[in-house]
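Reading the structure
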Amino acid sequence: MKEILKQIPKTDKLLNAKALSGYNPNFLKPLIQRFLKNYRESLLKGGEVLSFESCVEQISKEYWHLSQKSLKPLINATGVIIHTNLGRSVFSKELLQEIFPTLIAYNNLEYNQQTGKRGERYAHLKKFLTSVDFEDILIVNNNAAAVFLIFNTFAKNKEVLVSRGELIEIGGSFRIPRVMEDSGAILKEIGTTNKTYLQDYQEAINENTAMLFKAHKSNYEIVGFHEEVAYEDLIKLARDRGVVDYYDLGSGYFEIKGLETLKNFEPSLQEIAALKPSLISFSGDKLLGGTQAGIILGKKQYIAKLKQNQLLRMLRVDKFTLCALEALFCAYLKGEYEKIPTARMLLQTKEALETKAKNLLAKIPAYFSPKILPTKGYVGGGAMPNRALDSYGVALKPKNTTKNIQSLEELLRQEGIVARIENECLILDVMALFESDFEAIKNALLKIK
Ligand SMILES: *Cc1c(COP(=O)(O)O)cnc(C)c1O
């Protein structure tokens, strides 16, 4: 055994191997050491002796592998527009081009060019307030952070009243009761799972009550025997009793022409602004169609208090987020909705979706027996749960070589195309596809044969 172990190459010899000379030795060294440790263990277990060249080759392969990016584009044929696993809203190529010069240069993130003094990073987003009638705005890392910051600022060691029907858990283990507990707020459940009345809030308010909280039911619905308090009544009660009202909207959106039907399911930011709430918050990358962020809107006095909380320093956003959101707001202000992929997808008419499906069909090899089907797409991201959107898809049947539908789905997935299976057919739903995806889909299918 000793003789065998002697054949393990020395670290220095590997470090100086010609085939590894292109790599950074500081990164290479720990990789070699780990390789040698595993190699030694394998030899002790009776593993195969490797030549010096084959050791070098294995190390080289691993280094190359580690230097490849694992985050990469995928094609979303699932029919879900805001797909959390696939990165939520797609960020706009045009807007990215617009902010590119600012992102690769020094900029006025916290610099007032007029005075030459320090400026405020959140000031850049004030333009948002010209389109919706809120007094002030604040941005944090994501909506979960917004919820946490608001509880911590206004309700530390104080009570927050929440209806039992709104004690939500959303994906990624975000549970309102836990967030509240960690923020220092005291949860006071009121009402029942299916029914909560204004009187329940009225009776529960006491001198230690800080806030009336409402959460959007992002991933479920209560149907049947059911009652909840209208948001405007909650706001009025909070005002009368001198406490803060706060609505975690989950997903906020601007009213834009062509999207009027959204209002049947969720109030728009304009409608909510008219109620003059104390505070609301929502995600930047859901219906709004921007990047990850928690957007807080509300009365000046409350936003000012949030800004005084030291926690904000931990939750603050960087120039990438601020540039992206500012560009997004400008696009909304200028009515350039075609620059916002999420808005563009939501605005697709049934006819446009059918044409899109026909264009996709034309690209699919005939041996998959492609057929256009009406399908149901979804907004996703917790916006309008259980509300299907009429869409179209192209259904494929597996060929002999792809034994079954599951293996076809898997082969497409390996090629970066995420589809769904329905009634023994593979469906490519066009709702969240870009026309520019079609060529890649065709090439992937040709590869699969
Ligand atoms: C999505 C959502 C959140 C979390 O938002 P993130 O931006 O993912 O942190 C919180 N509350 C509700 C109601 C949501 O729908």
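What you are looking at is a predicted structure, and each value in this text was computed from that prediction instead of being measured.

Conventions adopted
Residues numbered from 1 in each chain as written. Predicted model: local features only at pLDDT ≥ 70, side-chain atom pairs only at ≥ 80, totals over all residues. Heavy atoms only, no water. Helix = DSSP H or I, 4+ residues; strand = E, 2+ residues; numbered from the N terminus. Buried < 20%, exposed > 50% of the residue type's maximum accessible area, 1.4 Å probe, protein only. Contact = heavy atoms within 4.5 Å. Areas by Shrake-Rupley, 256 points an atom, 1.4 Å probe, with all protein chains shown as cover. Lys, Arg positive; Asp, Glu negative; His and termini not counted. Charge placed at Lys NZ, Arg CZ, Asp CG, Glu CD. Patch = residues over 30% accessible without salt bridge, like charges linked within 9 Å, V, L, I, M, F, W, Y side chains within 5 Å. Salt bridge = Lys/Arg side-chain N within 4 Å of Asp/Glu carboxyl O. Phe/Tyr/Trp six-rings, centres within 6.5 Å; stacked < 30°, edge-to-face > 60°. Lys NZ or Arg CZ within 6 Å of the ring centre and 35° of its normal. Domains from an automatic or database assignment. Core = buried A, V, L, I, M, F, W, Y, C linked by side-chain atoms within 4.5 Å. Pairing = 2+ DSSP bridges. Axes fitted to C-alpha atoms, helices over the stretch in contact; angles between N-to-C directions. Parallel < 35°, antiparallel > 145°, perpendicular 65-115°, else oblique. Left-handed = near helix turned anticlockwise from the far one by under 90°. Nonpolar A, V, L, I, M, F, W, Y, C, P; charged D, E, K, R; others polar. Near = heavy atom within 4 Å. Polar contact = N/O pair within 3.5 Å; in protein donor to acceptor, adjacent residues only side chain to side chain.

1. Details of the overall build of the chain
For the chain, the helix and strand inventory stands at 18 helices and 18 strands. Looking at the 449 residues of the chain, the share that counts as buried comes to 47%. At a minimum sequence separation of 6, the contacts of the chain that also span at least 24 residues come to 73%. For the chain, the exposed area adds up to about 23,500 Å²; of that, 51% sits on carbon and sulfur atoms. Taking the average location of the 61 positive side-chain charges in the chain and that of its 52 negative ones, the two points are 7 Å from each other.

2. Section: unusual backbone geometry
Backbone geometry at Asn157 places phi at a positive 60°, although glycine is not the residue there. As for its placement among the helices and strands, Asn157 is situated in the loop between α7 (143-155) and β6 (159-163). Residues other than glycine seldom take positive phi values, yet Glu424 does so here, at roughly 60°. Note on placement: Glu424 falls in the loop between β17 (420-422) and β18 (425-429).

3. Here's the deal with a nonpolar patch on the surface
A contiguous nonpolar patch, built from Met1, Ile4, Leu44 and Val49 and spanning about 330 Å² of accessible area, is present on the exposed surface. Take Met1: it is sitting in the segment before α1 (2-6).

4. Comments concerning the packing of aromatic side chains
Counting across every chain of the model gives 12 aromatic pairs. Judged by centre distance (5.3 Å) and plane angle (45°), the ring pair of Phe213 and Tyr246 falls under tilted. Here Tyr246 lies in strand β11 (residues 244-251) and Phe213 lies in strand β10 (residues 209-215), a separation of 33 residues in the sequence. With a relative accessible area of 0%, Phe213 lands in the buried category. Among the aromatic residues, those joined into a ring-pair cluster are Phe128, Phe254, Phe329, Tyr332 and Tyr337. Directly above the ring of Phe52 sits Lys13, whose terminal nitrogen or CZ lies 4.4 Å from the centroid. Here Lys214 stacks its cationic end above the ring of Tyr247, 5.5 Å away from the centre of that ring.

5. Concerning the domain arrangement of the chain
Domain boundaries in the chain define domain 1 (2-67), domain 2 (75-82 + 344-448) and domain 3 (93-336). Taken over C-alpha atoms, the centre of domain 1 sits 45 Å from the centre of domain 2.

6. Re the environment of Ala388
Its location among the elements puts Ala388 in strand β15 (residues 383-396). Assessed through its relative accessible area of 38%, Ala388 is described here as partly exposed. Taking the C-alpha atoms as reference points, Ala388 and Tyr378, separated by 10 residues in sequence, lie 5.3 Å from one another.

7. A look at the nonpolar core
Of all hydrophobic cores here, the largest spans 75 residues; its most connected members are Phe128, Ile280, Leu428 and Ile441. The biggest single contributor to this core is helix α14 (residues 319-333), with 9 residues. Taken domain by domain, this core gets at least three of its residues from each of domain 2 (75-82 + 344-448) and domain 3 (93-336). Each residue touching Phe128, except ones within four places of it in the same chain, is listed here: Ile137, Phe254, Leu269, Phe282, Leu297 and Phe329. Counting 33 residues, the second largest nonpolar core, distinct from the first, contains Leu138, Val147, Ile303 and Leu315.

8. Considerations on the sheet that holds β11
Read across the open sheet, the 7 strands follow the order β5-β13-β12-β11-β10-β6-β9; overall the sheet is mixed. Lying at the two open borders of the sheet, with one neighbouring strand each, are β5 (136-140) and β9 (186-190). Averaged over all adjacent pairs, the angle separating strand axes in this sheet is 25°, with direction ignored. As judged from the 3 bridges shared by β6 and β10, these two strands associate in the parallel manner. Its bridge partner being in β10, Val160 is matched across the sheet by Met211.

9. Some thoughts on the packing of α7 against helix α8 (residues 176-183)
Each pair of packed helices can be described by the angle between their axes along with the distance between the axes. Look at α7 against α8: their axes get within 8 Å of each other, and the N-to-C directions meet at 45°. Classified by the angle between their axes, α7 and α8 sit oblique to one another. With respect to the hand of their crossing, α7 and α8 are arranged in right-handed fashion. Seen from α7, the contacting residues are Val147, Phe148, Phe151 and Asn152; seen from α8, they are Ile176, Val179, Met180, Asp182 and Ser183. A class-by-class count of the residues in the contact of α7 with α8 yields 6 nonpolar, 2 polar and 1 charged.

10. Examining the site of the ligand
In the neighbourhood of the ligand, 13 residues make up the surrounding shell, with Ala144, Ser218, Asp248, Ser283 and Lys286 lying closest. Arg88 has a polar side-chain atom sitting 2.8 Å from an oxygen atom of the ligand. Ala144 is positioned with one of its backbone polar atoms (N or O) 2.8 Å from an oxygen atom of the ligand. Burial of the ligand by the protein chains amounts to 92% of its free accessible area of 390 Å². Going through the elements one at a time, α7 and β11 are the ones with two or more residues in the shell around the ligand. Among the residues forming the shell around the ligand, the class breakdown is 4 nonpolar, 6 polar and 3 charged.

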